[in-house]
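Working through the structure, step by step
As a plain string of letters, each chain reads:
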6 protein chains.
Amino acid sequence: MRPSRRAPDELRPVSLERGVSRHAEGSCLVKFGDTHVLVTASVDEKVPPWLRGGGKGWVTAEYGMLPRATGERMKREAAAGKQSGRTQEIQRLIGRSLRAVVDLIALGERQIVIDCDVIQADGGTRTASITGAYVALYDAIEWMRRRNLVPANAKVLRDHVAAISCGISDGVPVLDLDYIEDSSAETDANFVITGSGGLVEIQGTAEGAPFSEAELQQLLGLAKGGIAKLVELQKAAIAS
Amino acid sequence: MRPSRRAPDELRPVSLERGVSRHAEGSCLVKFGDTHVLVTASVDEKVPPWLRGGGKGWVTAEYGMLPRATGERMKREAAAGKQSGRTQEIQRLIGRSLRAVVDLIALGERQIVIDCDVIQADGGTRTASITGAYVALYDAIEWMRRRNLVPANAKVLRDHVAAISCGISDGVPVLDLDYIEDSSAETDANFVITGSGGLVEIQGTAEGAPFSEAELQQLLGLAKGGIAKLVELQKAAIAS
Amino acid sequence: MRPSRRAPDELRPVSLERGVSRHAEGSCLVKFGDTHVLVTASVDEKVPPWLRGGGKGWVTAEYGMLPRATGERMKREAAAGKQSGRTQEIQRLIGRSLRAVVDLIALGERQIVIDCDVIQADGGTRTASITGAYVALYDAIEWMRRRNLVPANAKVLRDHVAAISCGISDGVPVLDLDYIEDSSAETDANFVITGSGGLVEIQGTAEGAPFSEAELQQLLGLAKGGIAKLVELQKAAIAS
Amino acid sequence: MRPSRRAPDELRPVSLERGVSRHAEGSCLVKFGDTHVLVTASVDEKVPPWLRGGGKGWVTAEYGMLPRATGERMKREAAAGKQSGRTQEIQRLIGRSLRAVVDLIALGERQIVIDCDVIQADGGTRTASITGAYVALYDAIEWMRRRNLVPANAKVLRDHVAAISCGISDGVPVLDLDYIEDSSAETDANFVITGSGGLVEIQGTAEGAPFSEAELQQLLGLAKGGIAKLVELQKAAIAS
Amino acid sequence: MRPSRRAPDELRPVSLERGVSRHAEGSCLVKFGDTHVLVTASVDEKVPPWLRGGGKGWVTAEYGMLPRATGERMKREAAAGKQSGRTQEIQRLIGRSLRAVVDLIALGERQIVIDCDVIQADGGTRTASITGAYVALYDAIEWMRRRNLVPANAKVLRDHVAAISCGISDGVPVLDLDYIEDSSAETDANFVITGSGGLVEIQGTAEGAPFSEAELQQLLGLAKGGIAKLVELQKAAIAS
Amino acid sequence: MRPSRRAPDELRPVSLERGVSRHAEGSCLVKFGDTHVLVTASVDEKVPPWLRGGGKGWVTAEYGMLPRATGERMKREAAAGKQSGRTQEIQRLIGRSLRAVVDLIALGERQIVIDCDVIQADGGTRTASITGAYVALYDAIEWMRRRNLVPANAKVLRDHVAAISCGISDGVPVLDLDYIEDSSAETDANFVITGSGGLVEIQGTAEGAPFSEAELQQLLGLAKGGIAKLVELQKAAIAS
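Residues numbered from 1 in each chain as written. Chains lettered and ligands numbered in written order. Predicted model: local features only at pLDDT ≥ 70, side-chain atom pairs only at ≥ 80, totals over all residues. Heavy atoms only, no water.

1. Description of the relation of the copies chain A and chain B
Copy one and copy two of the chain differ by a rotation about a common axis and a shift along it. This is how the line gets drawn: Overlaid copies result from least-squares superposition on C-alpha atoms, with residues included only where pLDDT is at least 70 in both. In this analysis, two residues are considered to be in contact whenever any of their non-hydrogen atoms come within 4.5 Å of each other.
When chain A is fitted to chain B, the residual RMSD is 0.0 Å, and the transformation amounts to a turn of 180° plus an axial shift of 0.0 Å. Between the two chains, the operation in question is that of a two-fold axis. A share of 100% of interface residues in chain A that are also interface residues in chain B marks the association as one of identical surfaces.

2. Looking at the interface of chain A and chain B
Formally: Put simply, buried area is the surface a 1.4 Å probe can reach on two separate parts but cannot reach once they are joined, added for both. Salt bridge, as used here, is a side-chain nitrogen of Lys or Arg placed within 4 Å of a carboxyl oxygen of Asp or Glu. Counting of polar contacts relies on pairs of N or O atoms within 3.5 Å, with two restrictions inside protein: one atom must be capable of donating a hydrogen and the other of accepting it, and residues adjacent in sequence are counted only when both atoms are side-chain atoms. Helix numbering and strand numbering both begin at the N terminus, where a helix is a DSSP run of H or I of at least 4 residues and a strand a DSSP run of E of at least 2. Throughout, the ten residues Ala, Val, Leu, Ile, Met, Phe, Trp, Tyr, Cys and Pro are labelled nonpolar, Asp, Glu, Lys and Arg are labelled charged, and all others, Gly among them, are labelled polar.
The partner chain B presents 36 residues to the 36 residues of chain A that form the contact. Taken together, both faces of the contact between chain A and chain B bury some 2600 Å²; the carbon and sulfur share is 47%. At the boundary of chain A and chain B, one finds 16 salt bridges. Where D115(A) meets R76(B), a salt bridge forms, and the shortest distance between an N and an O atom there is 2.7 Å. Linking chain A with chain B are 26 residue pairs in polar contact (both at pLDDT 80 or more), by the criterion used here. If one sorts the elements of the side of chain A that touches chain B by residue count, strand β5 (residues 111–120) of chain A sits on top with six residues. Of the residues belonging to the side of chain A that touches chain B, the class tally is 14 nonpolar, ten polar and twelve charged.

3. Points about the relation of the copies chain D and chain F
Between the two copies, chain D and chain F, the superposition gives an RMSD of 0.0 Å; the rotation angle is 180° and the shift along the axis is 0.0 Å. Of the residues that chain D buries at the interface, 100% are likewise interface residues in chain F, meaning the two copies contact each other through the same surface.

4. Thoughts on the arrangement of the chains
Across the gap from chain A to chain E, with no contact made, the nearest C-alpha atoms are 12 Å apart. For chain B and chain F, which are not in contact, the least C-alpha distance works out to 12 Å.

5. Thoughts on the UniProt feature "binding site: phosphate" (unreviewed entry) in chain A
Test applied: UniProt positions are given in the numbering used here, feature names are shortened, and annotations may be inferred rather than shown by experiment. Burial here depends on accessible area, computed with a 1.4 Å probe over protein chains only, as a share of the maximum for the residue type. Under 20% is buried, over 50% is exposed, and the range in between is partly exposed.
According to UniProt, the "binding site: phosphate" (unreviewed entry) feature falls on R86(A), G124(A), T125(A) and R126(A). In terms of the greatest pairwise C-alpha distance, the residues named above, spread along 41 residues, form a tight cluster of at most 13.2 Å across. One can find R86(A) in helix α2 (residues 85–99). Judged by its relative accessible area of 30%, R86(A) is partly exposed. Setting aside anything within four residues of it in sequence, one finds R86(A) in contact with Y63(A), M65(A), T125(A), R126(A) and R92(D). Examined against the element boundaries, R126(A) turns out to sit in helix α4 (residues 125–146). Other than its neighbours up to four places away in sequence, R126(A) contacts R86(A), I90(A), L93(A), N190(A) and Q203(A).

6. Comments concerning the packing of aromatic side chains
All names here are of chain B. What counts here: When two rings of Phe, Tyr or Trp (its six-membered ring) have centres within 6.5 Å they constitute a pair, described as stacked for plane angles under 30 degrees, edge-to-face for angles over 60, and tilted for the intermediate range.
Under the defined criterion, the tally for this structure stands at six aromatic pairs over all chains. Judged by centre distance (5.7 Å) and plane angle (80°), the ring pair of W50 and W58 falls under edge-to-face. You can call W58 buried: its relative accessible area is 17%.

7. Looking at the sheet that holds strand β2 (residues 26–32) of chain F
Residue and element names in this part refer to chain F. This is how it is decided: When DSSP finds at least two bridges between two strands, those strands are taken to pair. Note on method: axes are straight lines fitted to C-alpha atoms, helices fitted across the in-contact stretch only, with angles between N-to-C directions ranging 0 to 180 degrees.
With mixed pairing, five strands are arranged side by side in an open sheet as β1-β2-β3-β5-β4. Because the sheet does not close on itself, it has two edges, and the strands there are β1 (14–18) and β4 (58–65). Taken over all neighbouring pairs, the strand axes of this sheet differ in orientation by 20° on average, direction set aside. Here nine bridges tie strand β3 (residues 35–44) to strand β5 (residues 111–120), and the two strands are oriented antiparallel to one another. Within β5, the position partnered with A41 by the bridge is I114. Against the sheet, helix α2 (residues 85–99) engages β4 and β5, with an angle of about 145° to β4. The strands touched by helix α4 (residues 125–146) within the sheet are β1, β2, β3, β4 and β5, with β3 carrying the most contacts at an inclination of about 35°.

8. What to know about helix α6 (residues 213–239) of chain E
Using the following cut-off: The span expected for a helix works out to 1.5 Å for each residue beyond the first.
Relative to the 39 Å expected for 27 residues at 1.5 Å per residue, α6(E) spans 39 Å between its end C-alpha atoms, a close match to the ideal helical length. Every buried residue of α6(E) is listed here: L216(E), L219(E), L220(E), L222(E), A223(E), G226(E), I227(E), L230(E), V231(E), Q234(E), A237(E) and I238(E).

9. Some thoughts on the interface of chain D and chain F
On the chain F side, the residues contacting the 36 residues of chain D number 36 residues. Across the contact surface, chain D and chain F share 16 salt bridges. Of the charged contacts in the structure, one is a salt bridge between D122(F) and R22(D), with a shortest N-O distance of 3.3 Å. Where the side of chain D that touches chain F is concerned, the elements lending two or more residues are β3 (35–44), β4 (58–65), α1 (77–80) and β5 (111–120) of chain D. Looking at which element gives the most residues to the side of chain D that touches chain F, the answer is β5(D), with six residues.

10. A look at unusual backbone geometry
For N148(A), which is not glycine, the phi torsion reads 60° and is therefore positive. With respect to the helices and strands, the residue N148(A) is situated in the loop between α4 and β6 (161–169). Of the residues examined, N148(A) reaches a relative accessible area of 63% and is grouped as exposed. With a phi angle near 65°, R5(D) is a residue other than glycine that sits in the positive phi range. You can see R5(D) is positioned in the segment before β1 (14–18).

As structure tokens, then:
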């Protein structure tokens, strides 16, 4: 039995609330159970220096946690004067994951900056971030479309993308780990998968003993099921 | 007529929602109109080095804005590698304001860290922060009291404290400026006042022409009225 | 009786020595008793990025203390790798105070950088800095006028500006606190006031118990008297 | 045909030269073709703060590239004042990979610091680093054993560990990408696998189009073959 | 003819004013012509970590320039967030030079921190700093002696130490270069020499063409003459 | 007898291996006994801002040590977030030394960046760096010549330059100190001298008692002998 009494292939209650920011071109408050992330998408007419003049756009992401998003208060990164390695790793992952479904040429020479700020953490902040960021990004692109910044019929977003964690906890492969499971899991893996089932990113890590190919296969199977549900929720959020 | 159609002495709709964080010992989501600040109060059994062994506690504050809390996305301070002068000025003000109503000896040799994170900004983030921080601090102290960390009958909080901005906008003294008014006000003043009407902090700044004693008097009068209402709202929040 | 045996409304001996720097366009060694600040005003033909091309100038200030300006040696900020919150707060105050009396359009698209370096500290370093900075700024503008950088008859400086601290010490409102009084004062307030008596900045802080409106009134009264004397001294310095 | 004329499942020439540092307790100059990494293992009798007093040891890693290890000179991270996100990501990966095969209790309360410095880069610097680090770590543990710092018969290293990259290049799954292939590969994956075939870490990234489960399977198959050869080379190096 | 009309072996007017700081245990305002450096010596009862418990003391130095000490305003190092290489080089030189004449065991396990802050610069700031620091250091040691922190008869200072620059300017070896000469000198050398004529530090640099042994000899001869006069001035300052 | 059993005027075995980097325009692995430095010379078509448009080039240097180049592992400067004062001092010395023999006008408006990375240290890393940097620089200039970036007959390098340390160890002047001698030497001096015997840089430091003119003379004599041999080795390396 999982601590949360969920079935092994059961997601936590997931919600995707759009339009939560008065200022941002796109925004989404995503909740995976007690993990809450506020995502905004900001349209910036300037691209990074290495892309200037190439007619191609960019999507980048930044990630942060409020100091008391966690059980123990963590040092504020702005006060510490630098972002941790973990923070940088996560924000690079979010950026790569979104770029995988964006047609950067159709986007035009501009940048969309995704900010993922964890309001409350209970495991899976990076997967919630990616899943919610898709919605914020969608809305930012529609915002541009309404202003004719991208052609009316351009398919800037080529597909959905969502992310979920899986792990082996007490010997059982389970989906969408919360903090308690994550802390004790023997293996932890994050999957970023498109709406059509393509793999964008796999990161599997043995926390204790190495894992086997068969286990990897089981985790991937769980992930595919979870992603399918998350993509349904994204579609419902966008349709509303 | 004010841009928000409020009367000169009218606050924006203010709400103080307690217990919004699963992890923090005290928390409050404070809204002054479209300015939303998430405040948490974290109890830390360690005091800063200069207080160690003195039997006295401390209250300190940190302040931050999410990058897209504002109309234009601002650089993330954690990524920039330092907190701006404005951020440091505000967090010092919040800490001083709260310490003015705390009996640091009754608190015992421990520290309460207040985190004020601006989720959305529309002027008055520092005054909303202080007003909401009182509620989060109150709850953190009650949390300690329930665990006998402070004596049952100790009056750790000596009084309420709240803050409000006033300004002279188009020649008219007005209460609780939103961003539009703040940007064009000739004079801008922040008042931190206790429940019993004592002045804790006054910061008045001429943005254009200097202001007169009479104007200062008018702003102070407005502030006292506003603070009285905020303290009522704090009382209602705590009673609920 | 005040520790310095001064009357409650008595300034410390104040001197304003002009032209103390061989290199700077304007300079002033200001002494408020044992508080000594060397102020230089540097004319820079480049304005900050956000003003470029607007035909408007800027005045900004930087503040620092020599490590052994104080009773205990303080860590050198350059070695620590950052300016403290207190330093940033003070230099922002100095800049705002001076801009309040400068016609930035008449100044032309250039910047004057005021450096206030505390050679020796005994309380009131920020008020001495502002008072001395007026003189350095005046000389820098005259330096420009002699070179026809500003029109011969342009009134770039619209008024005098000076600053003084007041406080309630042992229950008595007193003017121009030195370090001993400042350390024990119940209330501490800084006033920046123009030659014609307009208020530019008020910062009042309760260090212990809150203060009352009546006390604020008394402090303001003292400040106005003190500023009048400081402005006389500025006039004498400039006339010499 | 691959740019290097290798077969799809062919490693570059790999060499593992032990004892290349006069000072370090263990060291290895590892070459994967033109990628050369100097790895040292330093025994430190102090563990990080969070492990003190627990009787358990730690293995950590740092990674760097000489500025001209690459075709274009890169900015020196020490001069830039911080390590890039990529550097931090890699050094975290190296540390995790090695800890997966170390019995941290048998190691005793001490730390081994692995330094991986890329002398020359041609793709695959992180996989070369992990593969060479195993050898340096092995020698550092033997150095400790000879001094009776670890028991004579303690199995501190539970297994071999090595790493290799795979990717899909021009539609063909290939092993051990060099820089040219890496730059154009559609999918890029790094595998860290133990001597007995257990998976320690999988990181697969779609650079362009998403990849399929079948492709992941093919890459894993290639990786297993490559790792088997690398482990043979590690055994030969250690035996020499 | 030198720009300053001095003879080749002529120092600028040098003054050493003691006791210029109300707070520091020792202080000296040293002037080499228009180069003015305020030196303070602060007694700190804590030594650096690597000396703790060894019964030996330490002398260290920090150096800074006020931003407008120079003809062009320089960026404030505290605002830039780091000390330049030049600053660090100079403060290391000052510390080494003073330690060469201090009996660190007689000093006892405490540290003297020398702060050299350049109020106005016209070449030779490092040599003026060292020469003035001797006087501040002397006074700090006498301050300790009066408090019995060092034995009454302990010879903590073993000798005088002073510094001077020499250079080859327009083909002529000259003593004590001012800024104009320094900027155009073909060779620039700084000499730190004790009262009894021992060499503590020589730093000679060819700015244009290399220099010969004979030239080095000439510069050394000039330096010895200059140092003899500086030591006389130190003796006179201390005697006063 | 020296610890290394060398004669007082005997260099350690010195080797200069060219072309060790696949990517750099010039490179040299220089060994002075157990001190090994990898030097690369990178041609950069951009000069620093203060030289732009002047038609003149620049040579600059950066220096670093691998963390375990030394007997005790040192903190990685990139992780510490800044370069030490010693590092900055050395890299400034290397840059100055090379510029002394380069015709910056003949070089054209471009920059050569010298990177000196100490792979293994045993004293004399700065002198080995300069000596090896000459060879890397030579090759970078020849690389440019082959591409007609500098005129075929332009004498960009005006002379050889090399560096060596000397010191007084147990009262005896000796050449080319290794780490053991360097740690205990009473006097330590570094000499940078051209192929034709001109002095470029002298840095002599008394570590204990001051040194005399006669001793300086002896050290200079040793240095000249050592430099002559190093220049022979440079010539042989270049000829090969």
